[in-house]
Amino acid sequence: MVTDMRRWIWLGAALLIAVLLYSLHHILTPFLIGILLAYLADPLVDRLERLGLSRTWGVVVVFSLFTLILMALLLVLVPMLAKQLVRLYELAPQMLDWLQHVALPWVQHRLGLADGFWKFDKIKAAIGEHMGQTTDIVGVVLSQATASSLALIAWLANLVLIPVVGFYLLRDWDLMMAKLRSLLPRHREPQIVELAGECHEVLGAFVRGQLMVMLALGVIYSAGLMLVGLELGLLIGMLAGLAAIVPYMGFIIGIGAALVAGLFQFGGDLYPMLGIVAVFMVGQALEGMVLTPLLVGDRIGLHPVAVIFAILAGGELFGFTGVLLALPVAAVIMVLLRHAHDLYKESDMYGADVDPEL
């Protein structure tokens, strides 16, 4: 009876936490990003501590380093991306004309489709009308941000809150982990610590390793496409690097977009197109043979379909907060399911010891 009561109490507490998270998910984003920053930076601070720095000064050094890197990216990368976005906006009408008068008629002829099958005039008119309303991207963003002073203040507060939360969590990270461990049931502590260790290994491999792979692929693709001479090389390379969060997705999206942009820019010239293909082939080879084995390894175990489903489900349920939570939660669930699978194989329900002749 007491055991059943305890189970109902734990179930009720879990449901209450789930309801609270769902109710507060609109304000959780800065805290989740702060937790992510603390989780990523904790090994660096631990290493600085082993070198003789105090925990607080180690956090200050790491945050200063992160700030310098962020400022460098803002000063160098953002203006370059902004120029490419403006160039994409300028090329959009020409690309639509090329699509209407060259690409689609060729496909229509090859497939034997009827005239007017694409109804492209209506699509182009709708896109043109939408683009005409967004000629000044910065103006649109500012008008939306300043539409409500309270919304603007809340956005700025969240932006400022991220480093504050990250700093304090990182400073007290080891202390919080020790307190959490001290609260574990004594007779279950070894099993829970083992599970937490596996979850940490999976999360660390994915969060740190996969982010490094994405960054490396973004640099490789961008540099290669810019060397080939593709005008939108930086933009497409960065998008391909971001899409690499799902295996092969970055390669597919990147090479598709780069070939379309190259076909439009170079007019089907063979050598630049071969250069674009070579860039993505080299990037894919480096990802499979060097980057992923070196930075991630085989510890994640998340199937690409599971990654896609987790991201879509998290975004549908909790918006951007759900996207941030999706993959860590999926990784933890994967570890728990692996242990549940092992327990099932060892249980009487599976019947591994039953004589097959009976």
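What you see is a predicted model; the values in this text were computed from it and never measured. (Residues numbered from 1 in each chain as written. Predicted model: local features only at pLDDT ≥ 70, side-chain atom pairs only at ≥ 80, totals over all residues. Heavy atoms only, no water.)

### A short note on the overall build of the chain
Per the secondary structure count, the chain includes 13 helices and 0 strands. Along the chain direction, N to C, the helices and strands of the chain fall in the order α-α-α-α-α-α-α-α-α-α-α-α-α. Counting all 358 residues of the chain, 28% fall into the buried class. A separation threshold of at least 6 residues defines the contact pool for the chain, and within that pool the share at least 24 residues apart is 68%. (Helix = DSSP H or I, 4+ residues; strand = E, 2+ residues; numbered from the N terminus. Buried < 20%, exposed > 50% of the residue type's maximum accessible area, 1.4 Å probe, protein only. Contact = heavy atoms within 4.5 Å.)

### What about the environment of Leu 53?
As for its placement among the helices and strands, Leu 53 is situated in the loop between helix 2 (29-50) and helix 3 (55-111). In this structure Leu 53 touches Leu 48, Gly 58 and Val 61, once residues within four positions along its chain are discounted.

### Observations concerning the UniProt feature "transmembrane region" (unreviewed entry) in the chain
Sites flagged by UniProt as "transmembrane region" (unreviewed entry) map to residues 7-24, 57-82, 150-170, 211-230, 236-261, 273-296 and 308-337. Secondary structure content for residues 211-230 is 90% helix and 0% strand, and the end C-alpha separation is 25 Å. Along residues 236-261 one finds 81% helix and 0% strand; the C-alpha atoms at either end are 9 Å apart. (UniProt positions renumbered as here; feature names shortened; annotations may be inferred.)

### Overview of the packing of aromatic side chains
Here the distance between the centres and the angle between the planes together describe a pair of aromatic rings. According to the stated counting rule, one finds 5 aromatic pairs in the structure shown. Centre to centre, the rings of Phe 167 and Tyr 168 are 5.5 Å apart; their planes meet at 90 degrees, and the pair counts as edge-to-face. You can call Phe 167 partly exposed: its relative accessible area is 22%. Here a set of aromatic residues connected by ring pairs shows up, and it is made of Phe 63, Phe 167 and Tyr 168. (Phe/Tyr/Trp six-rings, centres within 6.5 Å; stacked < 30°, edge-to-face > 60°.)

### Some points on the side chain of Ser 222
Checked against the element boundaries, Ser 222 lands in helix 8 (residues 189-228). The exposure class assigned to Ser 222 is buried, which follows from its relative accessible area of 3%. Those residues within four positions of Ser 222 in sequence are excluded, and the remaining contacts are Gly 233, Leu 234, Gly 237 and Met 238.

### Describing helix 3
Because an α-helix completes one turn every 3.6 residues, residues spaced three or four positions apart along the sequence face the same direction. With 57 residues, helix 3 extends only 67 Å from end C-alpha to end C-alpha; this falls clearly short of the ideal 84 Å at 1.5 Å per step. Within helix 3, the axis deviates most sharply at Leu 99, by approximately 40 degrees. (Expected span 1.5 Å × (residues − 1). Bend = angle between axes of the 7 residues up to and from the residue.)

### Things to note about the pattern of salt bridges
Taken as a whole and assessed by the stated rule, the structure comprises 8 salt bridges. Across the pair Arg 55 and Asp 174 runs a salt bridge, and its minimum N-O distance is 3.1 Å. Residue Arg 55 is found in helix 3, and its partner Asp 174 is found in helix 7 (residues 173-182); the two are separated by 119 residues along the sequence. When its relative accessible area of 11% is taken as the criterion, Arg 55 is described as buried. You can call Asp 174 partly exposed: its relative accessible area is 35%. Taking the shortest distance from any N to any O, the salt bridge between Arg 338 and Glu 198 comes out at 3.9 Å. Taken as a pair, Arg 338 in helix 13 (residues 320-346) and Glu 198 in helix 8 lie far apart in primary sequence, 140 residues in all. Taken together, the shared-partner salt bridges in this structure form one network comprising Asp 42, Asp 46, Glu 49, Arg 55 and Asp 174. (Salt bridge = Lys/Arg side-chain N within 4 Å of Asp/Glu carboxyl O.)

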